[in-house]
Amino acid sequence: MGDDTDLGLSFAIDAETVSLSPIGDFQVLDLEGPVVIVGDASYRVVPVGEKSDQSEDVRELSVDEIRAALSELADNDDFQSIVDNCPTNTPLVYDDIDYLTRHLSTNSLQKCQKLSANTPFDKELLLQVAYVERQNSLVGHSDNVLEYYLEQRAEIAEKLRSTDEIDSDVERSFFSYLLLASALIEELTTETVLNELFREEARLDSITEHVRSMGHAKRLEKLCDIQILTGGDHGSLVEVKERRNNLVHDAQKRAGLDELESRREVAQILEQTDRCASVLLTISGKNIESVIAKRGCDPYIEHAQSEAVADTITTWEQENPERLSKLHDCERATLEGIRWDTEESDPGNNITEGFTFNGFDDKELYEILIEFVSDVSQAFLDRIDADANESNLDRFDFAVMVLLCAGHSHEEIARWLETDKKYVQRKENVIAWRASQFEKGLVEEIPRPEGPTWPSDTESDDQDGC
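These figures come from a predicted structure and were not determined experimentally.

J.: Which residues make up the overall build of the chain, and what are the values?
T.: Across its full length, the chain holds 20 helices and 5 strands. The buried share of the chain, reckoned over its 466 residues, is 47%. For the chain, the proportion of contacts with a sequence separation of at least 24, taken over those separated by at least 6, is 72%. Approximately 23,200 Å² of the chain is accessible, and the part contributed by carbon and sulfur atoms is 43%.

In structure tokens:
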């Protein structure tokens, strides 16, 4: 080996902590007649026009027939149009159906009513199923690609560490990795552009069709135009696209990895590409939990830690009752009051409340405590993820709100969320009036923008180059 003997790869996406959005589902069961369950809502299948609370009127359809009827909807253009216009989340403060009927256009709701008249399903069920399909078709797709991407990234990283040359095996893995990276970036770009347009109330079929008909370069340019994507990141993403195109369309370059001669050069491209994918993950709102955890405002962090501790205690009561009992019996511990410094990566060594360490030397109990706090730390990130999903705001906007409430500057927030400070300023305007009581209860007080903010000459020059 040459200078690459101690090859170390530094990736921007943490495969251990990346949070994949939960994908919705619906089930068809046979409980005293076919029952369709969507999330927490259950529907009995009854004839059109009958009352659903009368069990004797349950339509005589088998479970297989119900499943077949649902499957047929996938090929129905009207149903797909409803799916395309559904949001990707419904805020906790709303009933799902209430929110969806207010969100969708009259045209979409009329299509839903028409479908209901021609199927065994009532319109509420059809709307719930469409909402779930929206989650699966948009959020779920990019998450699936992300999983494959992480697997392929791990594979080529391992091959680079275990070989001293760029052989055909490394070439194949590298080619597969770039294809997946490109696919992931394109999925996230499409999702981000669509979400941004939908947040501006442009909920029309033509908007969806327009975005999907754009080329990838045009979508990236659109994100740059609205300043959610900085000029520098835009240039890096374009490089990934061009590298992928060269490898796909030029067999000679593909065979020689575009004249890359060392493992170090390949590793650098992996790191640069991963950084680009990380940017898209963050601005799409998929990778915000760790930023909120480390930089969020005190009222929200207190809320999320308190909920995480309570959730972990409930879990341990079922799974580790004996070990939990030992912690409860320890006079040094007040489990419900355990808090930690969130800016440190290991909460076990940074407990600030709920346990007294001075003079403590019980090794067994210490190990139980550290395991408990480790579970609490994961539950803490899960709580942030749940709050972002249940918010009346988009996930990215939710992160901006929590960071603004912590008193951070526009520049700092833009740096942590991989975006432009002007975009953060615009989000501040939206958050100030769009936040519901749910968000206000989490952060106590939402700052309202005050005073004019003009760009400097250097900022104007930078945008000209975007």
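J.: Explain the pattern of salt bridges to me, and be specific about the residues and the numbers.
T.: All told, the structure shown has 18 salt bridges when counted by the stated rule. Here Asp387 makes a salt bridge to Arg383, at a shortest N to O gap of 3.3 Å. Of this pair, Asp387 and Arg383 both sit in helix α15 (residues 363-390), 4 residues apart, which is roughly one turn of the helix. Note on Asp387: relative accessible area 2%, which makes it buried. Overall, the relative accessible area of 17% leaves Arg383 in the buried class. Put simply, Glu411 and Lys421 hold a salt bridge, and the shortest N to O gap is 3.0 Å. In this pair, Glu411 sits in helix α17 (residues 410-416) while Lys421 sits in helix α18 (residues 421-434), placing the two residues 10 residues apart along the sequence.

J.: An account of the packing of aromatic side chains is needed here, citing residue identities and associated values.
T.: Inspection of the entire model under this criterion finds 7 aromatic pairs. Ring centres 6.4 Å apart and planes at 75 degrees place the aromatic pair Phe357 and Tyr366 in the edge-to-face group. Clustering of aromatic rings is evident, with ring pairs tying together Phe355, Phe357 and Tyr366. The cationic tip of Arg153 hangs over the ring face of Phe11; the distance from NZ or CZ to the ring centre is 4.2 Å.

J.: Give me the side chain of Asp233: which residues, what numbers.
T.: Inspection of the secondary structure puts Asp233 in helix α9 (residues 231-249). Separated by 3.2 Å, the side chains of Asp233 and Thr230 make a polar contact. Apart from the residues lying within four places of it in its own chain, the contact partners of Asp233 are Arg275, Val279 and Glu418.

J.: Residues and numbers for the environment of Glu371, please.
T.: Within the fold, Glu371 resides in helix α15. Taking relative accessible area as the criterion, Glu371 reaches 30% and is therefore assigned partly exposed. Apart from the residues lying within four places of it in its own chain, the contact partners of Glu371 are Trp316 and Arg323.

J.: Any details on the packing of helix α2 (residues 77-85) against helix α4 (residues 106-117)? Residues and values, ideally.
T.: Their axes nearest at 9 Å, the elements α2 and α4 cross at an angle of 140 degrees. When the axes of α2 and α4 are compared, the pair comes out oblique. Classified by chirality, the crossing of α4 by α2 is left-handed. Note on element contacts: α4 touches α2 through Ser108, Lys111, Cys112, Lys114 and Leu115, opposite Asp78, Phe79, Ser81, Ile82 and Asn85. The residue inventory of the contact of α2 with α4, partitioned by class, reads 4 nonpolar, 3 polar and 3 charged.

J.: How would you sum up helix α16 (residues 395-405)? Please name residues and give values.
T.: With 10 of its 11 residues buried, α16 lies for the most part within the structure. Among the residues of α16, those classed as buried are Arg395, Phe396, Asp397, Phe398, Ala399, Val400, Met401, Val402, Leu403 and Leu404. Its side-chain oxygen 2.8 Å from the backbone nitrogen of Phe396, Asp394 forms the N-cap of α16. Looking one or two places after α16, you find Gly407, whose phi comes out positive at around 85 degrees.

J.: Break down the packing of helix α13 (residues 298-319) against helix α14 (residues 321-329) for me, citing the residues and quoting the values.
T.: Between α13 and α14, the shortest axis-to-axis distance is 6 Å and the interhelical angle comes to 125 degrees. By the angle between their directions, the pair α13 and α14 is classed as oblique. Two secondary-structure elements touch here, α13 through Ile313, Trp316, Glu317, Gln318 and Glu319 and α14 through Pro321, Arg323, Leu324 and Leu327. Classifying every residue of the contact of α13 with α14 gives 5 nonpolar, 1 polar and 3 charged.

J.: Residues and numbers for unusual backbone geometry, please.
T.: Comment: phi is negative for the bulk of residues other than glycine, and the bulk of peptide bonds are trans. A positive phi angle, close to 60 degrees, is found at Glu418, a residue other than glycine. A positive phi angle, near 75 degrees, is found at Glu444, a position not held by glycine. Mapped onto the fold, Glu444 is located in the loop between α19 (437-443) and α20 (457-464). We classify Glu444 as exposed; its relative accessible area is 63%.

J.: Please provide a residue-by-residue account of the environment of Glu364, values included.
T.: Within the secondary structure, Glu364 is located in helix α15. Residue classification places Glu364 among the partly exposed residues on the basis of a relative accessible area of 48%. Of note is the side chain of Glu364, whose polar atom sits 3.0 Å from the side chain of Lys326.

J.: Give me the lowdown on helix α3 (residues 96-103), citing residues and values where you can.
T.: Given 3.6 residues per turn, any residue in an α-helix points the same way as the ones three and four places further on. Residues Ile97, Tyr99, Leu100 and His103 constitute the buried set of α3. Seen along its axis, α3 keeps its buried residues to an arc of 160 degrees; they face one direction.

J.: Lay out the environment of Asp78 in plain terms, naming residues and giving numbers.
T.: Turning to its location among the elements, Asp78 is positioned in helix α2. In this structure, Asp78 is in contact with Lys111, Lys114 and Leu115, ignoring residues within four places of it in sequence.

J.: I'd like a description of the nonpolar core, backed by residues and values.
T.: Tyr149, Tyr300 and Phe372 are the most contacted members of the largest nonpolar core, which has 92 residues in total. When residues of this core are assigned to their parent elements, the largest contribution, 11 residues, is made by α15. Other than its neighbours up to four places away in sequence, Tyr149 contacts Ile13, Tyr177, Leu180, Ala181, Leu184, Thr273, Asp274 and Ala277. In terms of nonpolar packing, the next biggest core, distinct from the first, is built from 26 residues, Val28, Val38, Val83 and Ala130 among them.

About the thresholds
Residues numbered from 1 in each chain as written. Predicted model: local features only at pLDDT ≥ 70, side-chain atom pairs only at ≥ 80, totals over all residues. Heavy atoms only, no water. Helix = DSSP H or I, 4+ residues; strand = E, 2+ residues; numbered from the N terminus. Buried < 20%, exposed > 50% of the residue type's maximum accessible area, 1.4 Å probe, protein only. Contact = heavy atoms within 4.5 Å. Areas by Shrake-Rupley, 256 points an atom, 1.4 Å probe, with all protein chains shown as cover. Salt bridge = Lys/Arg side-chain N within 4 Å of Asp/Glu carboxyl O. Phe/Tyr/Trp six-rings, centres within 6.5 Å; stacked < 30°, edge-to-face > 60°. Lys NZ or Arg CZ within 6 Å of the ring centre and 35° of its normal. Polar contact = N/O pair within 3.5 Å; in protein donor to acceptor, adjacent residues only side chain to side chain. Axes fitted to C-alpha atoms, helices over the stretch in contact; angles between N-to-C directions. Parallel < 35°, antiparallel > 145°, perpendicular 65-115°, else oblique. Left-handed = near helix turned anticlockwise from the far one by under 90°. Nonpolar A, V, L, I, M, F, W, Y, C, P; charged D, E, K, R; others polar. Arc of directions from axis to C-beta. Core = buried A, V, L, I, M, F, W, Y, C linked by side-chain atoms within 4.5 Å.

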